[in-house]
Amino acid sequence: MAVFVYGTLTNRDTAARVVDAVEYRGRATVDGLHRVDGRYPTLLPGGRVEGRTLLVPEIEPLDRYEGVERGLYVRVQIPTADGGHVETYIGDPARLGVADEWPGSGPFPERVRTYIREHDVVLRFED
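The following paragraphs examine the structure supplied in this document. Predicted, not measured: the structure shown is a model, and the values here were computed from it.

Some details on helix H4 (residues 108-118)
- Turning to H4, its buried residues are Phe108, Arg111, Val112, Tyr115 and Ile116. Mapping the buried residues of H4 onto a view down its axis gives an arc of 130 degrees, with all of them on the same face. Facing away from the buried side of H4, by more than 90 degrees, are the exposed residues Arg117 and Glu118.
- Immediately beyond the C-terminal end of H4, within one or two residues, lies Asp120, with a positive phi of roughly 55 degrees.

This is the structure we're talking about:
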């Protein structure tokens, strides 16, 4: 499974402590989202963010690392320019000490998914 990473998991040593096999596809850019730093890095609407594409055999260790069950981050799909998709993690700004918010109403995960779907957010592989 391909996962776009833009924070601590871009470091091979950190990723190796989380997943058994660490392999990167290469550098990538997401148009339509930008990185902000709070307690941990997260993404917000607009702009562009650079990162890496991490290939993992299973996603559950990353879900635990990112605190998905605790509601710290939500895992979402981002479409790729070549017609596929990658997973990524987006942290809840309110839980991470970030002043900005995602637009819309309703639960945080749904606001993120709606924005990605309606605003042509796309990942482009650089390598």
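Some remarks on the nonpolar core
- Judged by nonpolar contacts, the single largest core of 38 residues is most densely connected at Leu33, Leu62 and Ile90.
- Counting only elements with at least two residues in this core, the list comes to strand S1 (2-5), helix H1 (12-18), strand S2 (23-37), strand S3 (41-55), strand S4 (73-79), strand S5 (85-91) and H4.
- With five residues, S2 is the single largest residue contributor to this core.
- In contact with Leu62, other than residues within four places in its own chain, are Val3, Leu9, Val18, Val19, Leu54, Val56 and Tyr89.

Observations concerning the sheet that holds S1
- Within the open sheet, the six strands sit side by side as S4-S5-S1-S3-S2-S6. Their pairing is mixed. Looking along the sheet, the strands with just one partner apiece sit at the ends: S4 and strand S6 (122-125). Strand-to-strand twist across the sheet, computed as the mean angle between neighbouring axes with direction ignored, equals 35 degrees.
- One ladder, built from four bridges, connects S1 with S3; its direction is antiparallel.

Concerning the pairing of S1
- By the alternation rule, side chains of S1 split into Ala2 and Phe4 and Val3 and Val5, which are all buried.
- Note that S1 and S5 share two bridges and pair parallel. Its bridge partner being in S5, Val3 is matched across the sheet by Glu87.

What counts and how
Residues numbered from 1 in each chain as written. Predicted model: local features only at pLDDT ≥ 70, side-chain atom pairs only at ≥ 80, totals over all residues. Heavy atoms only, no water. Buried < 20%, exposed > 50% of the residue type's maximum accessible area, 1.4 Å probe, protein only. Helix = DSSP H or I, 4+ residues; strand = E, 2+ residues; numbered from the N terminus. Arc of directions from axis to C-beta. Core = buried A, V, L, I, M, F, W, Y, C linked by side-chain atoms within 4.5 Å. Contact = heavy atoms within 4.5 Å. Pairing = 2+ DSSP bridges. Axes fitted to C-alpha atoms, helices over the stretch in contact; angles between N-to-C directions.

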